[in-house]
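Fold and geometry: a report
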Amino acid sequence: MVRMGPDVPLLNEYKQEFFWKRFPQTVLGGPRFKLGYCAPPYVYVNQAVLFLTPWLLGGIGTLLCQLKLLEELHAAVLSGLLMLGAAVGVQALALYAARRTGTVERLGVPNILADEEEVEFTHCVGPETVRFIAPGKRFGLNVVLHTVLAGALCGLGTWYVLLGRLTALYDNVGVALVVFVLSWVTLCTAEYSLIVNTATETATFQAQDTYEITPLTRPLYIFTFIAVDLADRFTGPVAELQLTSQVLHVVFLVLPLLWALGMLSPLDALFLWGMEQALVFGLGGSPMSSNLRLLGMFAMSVCVTVCTFFIPSTLGVTLFSMAMGFLLSLDISQFLRHCSGGSWEARDDQGWHKGTTPTPVLGFGWRLGFRELLLYLGLLLGAMAEAGLMHHFLSPSQNQFREPQAAVGYLLIILFVVIWALREIQGAYVFGVFLNPLYPRGMANVQVFKQRSNGLHVAGAIRRVLLNLVSPFAMIAFLAMDGSVQQLHTASLSVGFTRAFRVVWQSSEDALLQMVVVVSVRLAAGDSQLPGWDSLGTGVQLLLVGLLSDRLLQFLSKLKFALAVLVTSWTEKKQRRQSAGTLLALNSSLCPLLLSVVVLSAMLSAPLLPLFTLPIFLVGFPRPQRSWPGPVGTACPCSDSIYYQQMSGSLASALRSAFARGSLGVVVPGSHFLGRFQDRMVWIMILERGYGYCTVNIKGLELQETSCHTVEARRVDEVFEWAFERPERLGLNQGLNLHWGNALTPCAALPVRVYSDARSVLSGIIDSHDNLRKLQDDFLKALVWLLLRNSVQRRRTFPWGAEEGAGSRKSPSSRLGPSVVTHPAEAIMVESNVSPRRFRQDSSSLTSFGDWSDEDDLFGPQPARRTVALVSTEAQLGDTVRQTGPSLPGSVEMDSLFENMALSALQPLQPLGLGLPAVDKGRNTEVLPSETASTMAHINFSCPHSELFSLPPGWRTAPLLPSRLQQLRSLFPEEWFGYTLGRLALAIHDEASEDVSNALKEDVGLKDLHAQVALSCLVSLGAESAFTSPSYVYRVYCGDVPWTEGLDWLSENKELYQLALKAFRYSFKLLFDQASLGPMESPEELFSTLEEYEKDWYIGLVTERSWQDSVLQEKPFLFSLGHDLTMGTYTGRVLSLQEQLVQVGRLNGEGVRGQWANLSWELLYATNDDEERYSIQAHPIMLRNLTVQEVT
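Bear in mind that the values here come from a model prediction, so they are computed numbers and not experimental data. (Residues numbered from 1 in each chain as written. Predicted model: local features only at pLDDT ≥ 70, side-chain atom pairs only at ≥ 80, totals over all residues. Heavy atoms only, no water.)

In terms of helices and strands, the protein carries 42 helices and 11 strands. The 1192 residues of the protein split such that 53% are buried. Taking the contacts inside the protein whose residues are at least 6 apart along the sequence as the reference set, 77% of them involve residues at least 24 apart. About 51900 Å² of surface is accessible on the protein, with carbon and sulfur atoms providing 62% of the total. (Helix = DSSP H or I, 4+ residues; strand = E, 2+ residues; numbered from the N terminus. Buried < 20%, exposed > 50% of the residue type's maximum accessible area, 1.4 Å probe, protein only. Contact = heavy atoms within 4.5 Å. Areas by Shrake-Rupley, 256 points an atom, 1.4 Å probe, with all protein chains shown as cover.)

Structurally, Gln 1189 is set in helix H42 (residues 1184-1189). On the basis of relative accessibility, which here comes to 13%, the residue Gln 1189 falls in the buried class. Ignoring anything within four residues of it in the chain, the contact list for Gln 1189 reads Lys 699, Leu 701, Glu 702 and His 709.

A few words on the side chain of Thr 318. Tracing the sequence through the fold places Thr 318 in helix H13 (residues 314-328). In this structure Thr 318 comes out as buried when scored by relative accessible area, which is 1%. Here the side chain of Thr 318 touches Thr 314 through a polar contact of 3.0 Å, landing on its backbone oxygen. Setting aside chain neighbours within four positions, we find Thr 318 in contact with Ala 387, His 391, Ala 480, Val 485 and Phe 501. (Polar contact = N/O pair within 3.5 Å; in protein donor to acceptor, adjacent residues only side chain to side chain.)

This part covers helix H15 (residues 370-394). A rise of 1.5 Å per residue sets the reference length of H15, with its 25 residues, at 36 Å; its end C-alpha atoms lie 35 Å apart and thus fit the reference within 8%. Among the residues making up H15, those that are buried are Glu 372, Tyr 376, Leu 379, Leu 380, Ala 383, Glu 386, Ala 387, Gly 388 and His 391. (Expected span 1.5 Å × (residues − 1).)

With that settled, the discussion passes to the nonpolar core. Leu 787, Phe 949 and Leu 1090 are the most contacted members of the largest nonpolar core, which has 79 residues in total. In this structure Leu 1090 touches Ala 782, Trp 785, Trp 976, Tyr 1066 and Leu 1070, once residues within four positions along its chain are discounted. Within the second largest apolar cluster, 53 residues are counted, among which are Ala 150, Cys 154, Leu 166 and Phe 617. (Core = buried A, V, L, I, M, F, W, Y, C linked by side-chain atoms within 4.5 Å.)

What follows deals with a nonpolar patch on the surface. A surface patch of nonpolar side chains, amounting to about 500 Å² of accessible area, comprises Trp 420, Phe 431, Phe 434, Leu 736 and Leu 738. Tracing the sequence through the fold places Phe 434 in strand S2 (residues 434-435). Judged by relative accessible area, which is 43%, Phe 434 ranks as partly exposed. (Patch = residues over 30% accessible without salt bridge, like charges linked within 9 Å, V, L, I, M, F, W, Y side chains within 5 Å. Salt bridge = Lys/Arg side-chain N within 4 Å of Asp/Glu carboxyl O.)

This brings us to the packing of aromatic side chains. In the structure shown here, the tally under the stated rule is 42 aromatic pairs. On the numbers, 6.3 Å between centres and 50 degrees between planes, the contact of Phe 51 with Tyr 192 is tilted. One end of the pair, Phe 51, is in helix H2 (residues 41-66); the other, Tyr 192, is in helix H7 (residues 173-195), with 141 residues separating them in the sequence. Exposure class is identical for Phe 51 and Tyr 192. Each is buried. What links up through ring pairs into an aromatic cluster is the set Phe 19, Trp 20, Phe 23, Phe 612, Trp 1161 and Tyr 1165. The ring of Phe 621 carries Arg 623 above its face, with NZ or CZ at 3.7 Å from the centroid. For the cation-ring pair, Lys 1069 lies above Trp 1097, with the distance from its terminal atom to the ring centre recorded as 3.9 Å. (Phe/Tyr/Trp six-rings, centres within 6.5 Å; stacked < 30°, edge-to-face > 60°. Lys NZ or Arg CZ within 6 Å of the ring centre and 35° of its normal.)

In this section: the packing of helix H6 (residues 163-170) against H7. The interhelical angle for the contact between H6 and H7, taken along N-to-C directions, is 130 degrees, at an axis separation of 8 Å. As summarised for this structure, H6 and H7 are arranged oblique, according to the angle between their axes. The two elements H6 and H7 meet at a crossing, and its hand is right-handed. Together, Leu 163, Leu 166, Thr 167 and Tyr 170 of H6 and Val 173, Val 175, Ala 176, Leu 177, Val 179 and Phe 180 of H7 make up the contact between the two elements. For the contact of H6 with H7, the residue count by class is nine nonpolar, one polar and no charged. (Axes fitted to C-alpha atoms, helices over the stretch in contact; angles between N-to-C directions. Parallel < 35°, antiparallel > 145°, perpendicular 65-115°, else oblique. Left-handed = near helix turned anticlockwise from the far one by under 90°. Nonpolar A, V, L, I, M, F, W, Y, C, P; charged D, E, K, R; others polar.)

With that settled, consider the pairing of strand S9 (residues 1097-1100). Here S9 shows two buried faces, one formed by Trp 1097 and Ile 1099 and the other by Tyr 1098 and Gly 1100. As paired strands, S9 and strand S10 (residues 1117-1124) are joined by four bridges and run parallel to one another. For Tyr 1098, the partnering residue across the bridge sits in S10 and is Leu 1118. A crossover connection joins S9 to the parallel S10 through helix H40 (residues 1105-1112); in handedness this β-α-β unit is right-handed. (Pairing = 2+ DSSP bridges. Right-handed = clockwise from strand over helix to strand, strands pointing away.)

Following the criterion strictly, the structure yields 35 salt bridges and no others. When salt bridges with common partners are traced through the structure, they connect Glu 72, Arg 165, Asp 229, Asp 232 and Arg 233 into a single cluster.

With that out of the way, let us pick up helix H23 (residues 580-589). Of the positions making up H23, those classed as buried are Ala 580, Leu 583 and Asn 587. Along the long axis of H23, the arc covered by the buried residues comes to 70 degrees, so they all point the same way. Facing away from the buried side of H23 by more than 90 degrees, the exposed set consists of Thr 582 and Ser 589. In this structure, the buried side of H23 is in contact with helix H22 (538-571), helix H24 (591-603) and strand S4 (617-619). (Arc of directions from axis to C-beta.)

Chain-level statistics for the protein give a pLDDT mean of 82 and a share of 81% at 70 or above. With pLDDT under 50 throughout, residues 103-108 is counted as low confidence; its partners more than four residues away or in other chains account for six contacts. Every residue in residues 343-366 is under pLDDT 50, and counting partners more than four places away or in other chains gives 90 contacts. (pLDDT = per-residue confidence, 0-100.)

This part covers the environment of Arg 753. Assignment of secondary structure puts Arg 753 in strand S8 (residues 744-761). Judged by its relative accessible area of 34%, Arg 753 is partly exposed. Along the sequence, Arg 753 and Glu 1139 sit 386 residues apart, while their C-alpha atoms lie 4.2 Å from each other. Setting aside anything within four residues of it in sequence, one finds Arg 753 in contact with Gln 646, Met 647, Ser 650, Glu 1114, Leu 1137, Gln 1138 and Glu 1139.

Position of Glu 191 among the secondary structure elements: in helix H7. Dropping the residues within four chain positions of it, Glu 191 is found in contact with Pro 54, Met 83, Ala 150, Leu 153, Cys 154 and Val 196.

So this is what it looks like as structure tokens:
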């Protein structure tokens, strides 16, 4: 993204034209009076006639009623029947037009993101005209349903706005006439949207209206208004109901404006939002992580409430409510899974260990096993016993605040104060403003940080016990002794007490606050009575306190967000648009209106929508807490996804401890946190929480690849540095949070096992002639070590056999147990594109690149091809390697070698040779080893133990002249071979004596065998002479070996090729280490270093699948060689697994919801997906770019 100035257009010219065509259509309910092209007048006339048809038909009934020719009900029925006939006619015309033009065209799902196409009109009632005005319905059921609803809406609407009814309501004919006219405008917009053409609503929740639900939105709201009016008509004179009807008739006039502003929810969002609000505040539950879980939990909670209503005894009500409240606060899905035959292992709600994470986090501390079940059973029985005994012996006969309950009330106040104090000292700030002097700062060492935090951990453990064990039992005692439980078969008891007993477990901290408020009111009132308050009962009192406290917190958060948007629009120079002064003056002069908008959004629990993230505030439509209709957690994979996946398990463990201690404050569903470590960031969203479990979504954000991202990341670093890296002793003036207005408030630093990424330029190392000469010797030593080790592993169990080497892949099941998904054998195959000799000779020695594939091949899937760089471990594991066809001659493959480089950055390829060396067949009198392979199938060893170190016969058949190998025999490290052979022999035979070791070393046949194979590999890789250039070293390291005489033979022996490539990579790592740390001083040091490489390192390429597997398996170290084409340098990259401090801060949740609401409006309604639009430019206070990135 190119960072642009503050005066970048909010919508580009094309989108502006599109918006001003769509918005009038939304206001009027569907008529398209503004087109982007010339249309005949009859197109507009037809739409106007259809728009006014309900008014004309309703006017007939109204006129007959006013003339006393028909009763009100009969006039309404007549209007409804006339509208029904008109709707049938419209649908018949639409069906006829669809059949005339639908021979090859099919009605599809309407795409609200698509622009309209130009239509050629031929006649006023031509098929194309009818299709343009009334597209018709896609489902036959909707044709019938919408037609019937159109008739009912017109009939009931006529009854709703009859002049006699309006005159009786307002007792003024003039007012009645105004209301009558404007009300019919509302009815016409709803009728047109329902039966003719549906407008794209500003309040859009789903990108596509698959089941045609949008046409029902406006009629549903109108039916709600009519239902209130009918209740007022038939229930007799009720002052409150009549007043409500009068107010709603006025609101009815502005419904088109509310629909145009997007303040009224579409049906799907309204349904989910209503269930969520009822579940949380009416039934004591929690927002759920998915729509299915929300529906299931809501149904179970309603059933419990209904059952409570019919229980005949107060003791039964107490015990049943307490037991069901505890059970519903647990994660029921785990019980259902285990009851259906699942494993008694806990699970991770977000799938953090999809078969790969070595430290899976199991539901944030809820490891559902037999011990945990016993614990929960003990808590349930103890709580039921306490509730039963307290209610039986201490419950008053009427609603009184007696001494035992008052004593428990004082205990609750003390518990609240202690728990609150222990929570505040856990974080970096107190009240989010003052620096906490007890929190350790400036700790670069994780161990020192842990030691300094021991005191806080003890306080956190005490808080956890008080909050999760002591407080619930104290609150249960308070409720069991309450007198209002005596009011059987009442809604206040069945709803209020069912919710109260559940919220004790579901959200203990919120329940404690609510009870403290109720107790404080009773203590403040003393002996005096509060008739209106006391008559509600304790359950309803707690419900109201919980609702009011939630709305108050929302109001404060929204107000802070609104002030941040308003103030920064002027103070931030890069955000100051030309209209900033005008908008600031308008908001100041209309301050009461701004406060009203904030209050209304808080009351509705709807997001505060800043239009285009400017200080133009609207009330977004109410929607679920998750803000988006789809499943949470979807993300686009990238090269860094694997590192976020690796650290998610460890981060989840750290979050579990932080939640328990209170380091991150009050954690409720809808909370958002931002984690920062090195150059990476993670977004943490709380989805659901209950007793002993919490469901979160952890999403990694992109690295600092754009200027906008860099600006906000720099500000995030500044905010965290001020909180965590300040000196221990601060003055009074420096002990404040100077970034209080920022959307991010630092909370705590959490120790997490992550990979530390270190990169270095290899200039002076890879291009040193001394190092290149040493590389050949190190390669032979590493290859000899691997050959001996591999030969032993092939024949017997070896102490190191359980450890997989670099370049290989360990089965995840060996590390993660039975709950881990094991990848198929094909998944661990590493690819090779070594072409047969005939293709190599035809294509010269051009550089070949990594894997090339086309997943969308028109001719179907093709067999996976294999590159030299990526040889599988199947040969080592004894699996049969599937042979594949050669690469296409002349094809260029880019992936594996140059990672994410742009094609434009690649330099032109230069041929490395003009063909193959000529061979004088007439002078060739030697016999190749392959021709005498039968004679070499068995070698006579002088030592009986040598067979253990023998090599496969196929490895002895290299097509190289014996004289050529004899000339290179001096390069073979005989001393190193003897030393390695002796070490391995002693490791195998614990009782072996020096005689066995010496006999193996003196076996000339064994030595010649290994020398022949090692030198053949050396020649096949083109390294018989010292490596001459860094480019050649890099190509061999990547597996892109230029053609040599023995390469075809080596590539056919997959396992041997793997060992040779691994040995070369080991030798380069030895070169890198010796250049940095000094040369190896003894064979013992070299032997231990190679053992360390095999056990703790993965040495390969970042683009290899084995690299990702090693990251997920948490190999302690990873090394990769790279090439920066733009700089022309070679780089080394080392990843080391270590525990580091991840700094975590809380984001303003209402600010996030507001920006997401604007994003939804821009994308789904204005279709403003410009990557350089104003609303995603960097904003260091609101963190606008990061917030948008989290959902894209």
